Amino acid sequence: MQTVTSYTHISINLPDAIILTVPATFLLYTTTTSCGLWALYKKKSIPISPWKLRATVAIFGFCVPLVFLSSSIVFNLSFGSLQWFILGTGCYLPTHNLSYFQWVRGIFPALSYAPSPALVDGDKNTHANTASSTGDVRINGLVTMGRGFTKLALAYCFAEPLVKKDVEHYLALPLFSIESIVSTFLFGAKTYLVFASIDIMLGLCQTLTGIPMVDMFDSPILSYSPKDFWNRRWNRVVHDIFRRLNNVKDAEMQVQSKKHDTVGEISGAKKQSTPLSRNAKGFLTFLLSGVGHDMLDAINFRRMTFENVLFFGIHGIVVYAEVSLLKRFFKEPTGLMRIPYIVLNMTFLSLTGKIFLAPILTFAADKSIATF
């Protein structure tokens, strides 16, 4: 395939990874993750500062999936990102005098509505639990599985025939051309339907265990603004993880301020997060998401273009503006008034979505592999 210039005009090639068998890679990832978690749990007993320990564990866990890979792309993406998620969450999860296994269990609360003993006091899951009994939970699990199979069928029976097969032609289209926008929307629709088929696995877990699982997506095509899309409807689990980590960090800062300030609660109240700092954290979250997605591309394709950083940076700026500047002028639309806002938001996503899709499609085409 002819090389397509990236939107950032940056292309960094990484050295080839060390390829292991899937069982060997699984053992390596499990061992390094377990060692990292144990070090974080025992941070008070390790003679280095907490931030140095966190940085060491994060860098170590970050590098392992980059250096050691299996021959399976699905495994690399799934377990590489899972290791980053586990260690990243463990870096700021408080121990609260919990046992090791109780503390580890607190890393995964965002996947279910079940309460976690490791959560900060007063932290509530933002998603309502509508199931009133174990029987209702299991029935809802079957419904979720059915929804997942329906989405998977729509992805390959409806979206797949409409998606442009000539990837090189699509990548060469001007970003703002009608054909490019429509093609990006179709690629995005298929991507959503494939990712959303995780309902099959979550529904199966809910049916077998009787534990209500969180819906990963909430009809993102109905989002009326970028903030509504990212905060409420797209990958709610990741959003909930970042919210919990921010709550943990804020709680730690409040505890430290109360320990060192003689004024007490009044001074502590002044050090709570302001709206500006919270919005700045939100923007930083978008940038970190971009870095994470670029690293996932680098794991398998051994090349980084930072186009994901550009994509998430653009959306972070727009969401920041929506929250900081438009809040006083913009009210949530209702009824039929939502329709033009939904169309505008989908147009914005389709305009910028090609920046996100381009590196994946380019790398996949270069390596002659299927993207989905």
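This text goes with the structure placed above it.
Anyway, here's the lowdown on the structure attached to this text. Note that the structure is predicted; figures quoted are calculated from it, not measured. Counting restarts for each chain: residues are numbered from 1 in the order of the written sequence. Local features in this predicted model are restricted to residues whose pLDDT is 70 or higher, and side-chain atom pairs enter the listing and the counts only when it is 80 or higher, whereas totals over whole chains, interfaces and linings include all residues. The side-chain figures draw on all heavy atoms in the structure; neither hydrogens nor water molecules are used.

## Considerations on the environment of Ala321
Numbered from the N terminus, helices here are DSSP runs of H or I no shorter than four residues, and strands are runs of E no shorter than two. Mapping Ala321 onto the fold places it in helix α13 (residues 307–324). Relative accessible area serves as the criterion here: at 23%, Ala321 is assigned to the partly exposed category. Between the C-alpha atom of Ala321 and that of Lys227, which follows or precedes it by 94 residues, the distance is 9.8 Å. Three exposure classes are used, based on accessible area relative to the maximum for each residue type with a 1.4 Å probe and protein chains only: buried under 20%, partly exposed in between, and exposed over 50%.

## Remarks on the environment of Asp228
Here Asp228 is to be found in helix α9 (residues 226–233). Taking the C-alpha atoms as reference points, Asp228 and Val319, 91 residues apart in sequence, are found 9.1 Å from one another.

## Considerations on α9
Taken together, the buried positions of α9 are occupied by Pro226, Asp228, Phe229, Trp230 and Arg233. In the stretch just after α9, Asn235 is the one whose phi turns positive, near 45°.

## Regarding the pattern of salt bridges
We define a salt bridge as a side-chain nitrogen of Lys or Arg found within 4 Å of a carboxyl oxygen belonging to Asp or Glu. Summed over all chains, the structure comprises eight salt bridges. The salt bridge partner of Asp228 is Arg233, with a shortest N-O separation of 3.0 Å. With respect to burial, Asp228 and Arg233 carry one shared label: buried. Put simply, Asp228, Arg232, Arg233, Glu332 and Arg338 are held in one network by salt bridges that share partners.

## Section: unusual backbone geometry
Phi at Ser219 is positive, roughly 45°, even though this residue is not glycine. Note that Ser219 resides in the loop between α8 (199–209) and α9. When its relative accessible area of 33% is taken as the criterion, Ser219 is described as partly exposed. Residue Arg302 is not a glycine yet carries a positive backbone phi of 60°. Looking at where Arg302 falls in the secondary structure, it is placed in the loop between α12 (275–301) and β4 (303–304).

## Considering the packing of helix α1 (residues 22–41) against helix α3 (residues 73–90)
Axis geometry follows a simple rule: fit a line to the C-alpha atoms, using only the stretch in contact for helices, then measure angles between N-to-C directions, giving values from 0 to 180 degrees. Where α1 contacts α3, the two axes come as close as 9 Å, and the packing angle between them is 5°. Considering their axes alone, α1 and α3 lie roughly parallel with respect to each other. Residues Val22, Thr25, Phe26, Tyr29, Thr32, Thr33, Gly36, Leu37 and Leu40 of α1 form the contact with α3, whose participating residues are Phe75, Phe79, Gly80, Gln83, Ile86, Leu87 and Gly90. By residue class, the composition of the contact of α1 with α3 is nine nonpolar, seven polar and no charged. Note on terminology: angles under 35 degrees are roughly parallel, angles over 145 are roughly antiparallel, angles of 65 to 115 are roughly perpendicular, and the others are oblique. Throughout, a contact is declared for two residues whenever any of their heavy atoms are within 4.5 Å. Residues are grouped as follows: Ala, Val, Leu, Ile, Met, Phe, Trp, Tyr, Cys and Pro are nonpolar; Asp, Glu, Lys and Arg are charged; all remaining types, including Gly, are polar.

## Some remarks on a nonpolar patch on the surface
Taken together, Ile10, Ile12 and Phe306 make up a surface patch of nonpolar side chains, about 220 Å² in accessible area. Note on placement: Ile12 falls in strand β1 (residues 12–13). For Ile12, a relative accessible area of 37% translates into the label partly exposed. Each patch is built from residues lacking any salt bridge and having more than 30% relative accessible area; the joining distance is 9 Å for like charges and 5 Å for nonpolar side chains (Val, Leu, Ile, Met, Phe, Trp, Tyr). Calculation of accessible area relied on Shrake-Rupley with a 1.4 Å probe; when residues are assessed, cover is drawn exclusively from the protein chains displayed.

## Describing the nonpolar core
Among the nonpolar cores identified, the biggest contains 35 residues, and Tyr170 and Trp230 are the most heavily contacted of them. Of all the secondary-structure elements, those providing two or more residues to this core are α5 (134–162), α6 (167–172), α7 (178–196), α9, α13 and α14 (338–366). Residue contributions to this core peak at eight residues, all from α14. We call a set of buried residues a nonpolar core when its members are Ala, Val, Leu, Ile, Met, Phe, Trp, Tyr or Cys and they connect through side-chain atoms within 4.5 Å of each other.

## Notes on the packing of aromatic side chains
Each pair of aromatic rings taken from Phe, Tyr and Trp, with Trp reduced to its six-membered ring, is defined by centres within 6.5 Å and is described as stacked if the planes are under 30 degrees apart, edge-to-face if over 60, and tilted in the remaining cases. Tallying each qualifying case throughout the model produces 16 aromatic pairs. Measuring from centroid to centroid gives 4.9 Å for Phe229 and Trp230, while their planes differ by 85°, and the two rings are edge-to-face. Judged by its relative accessible area of 8%, Phe229 is buried. Seen in terms of ring centroids, Phe229 and Trp234 are 5.4 Å apart; in terms of plane orientation they differ by 15°. Their pairing is stacked. Side by side, Phe229 and Trp234 carry an identical accessibility label, which is buried. Here a set of aromatic residues connected by ring pairs shows up, and it is made of Tyr192, Phe217, Phe229, Trp230, Trp234, Phe286, Phe311, Phe312 and Phe356. Geometrically, a lysine NZ or arginine CZ counts as sitting over a ring once it is within 6 Å of the ring centre and also within 35 degrees of the ring normal. Between Lys354 and the ring centre of Tyr170, over which it is positioned, the NZ or CZ distance is 4.8 Å.

Any functional reading would require information beyond the geometric quantities listed.
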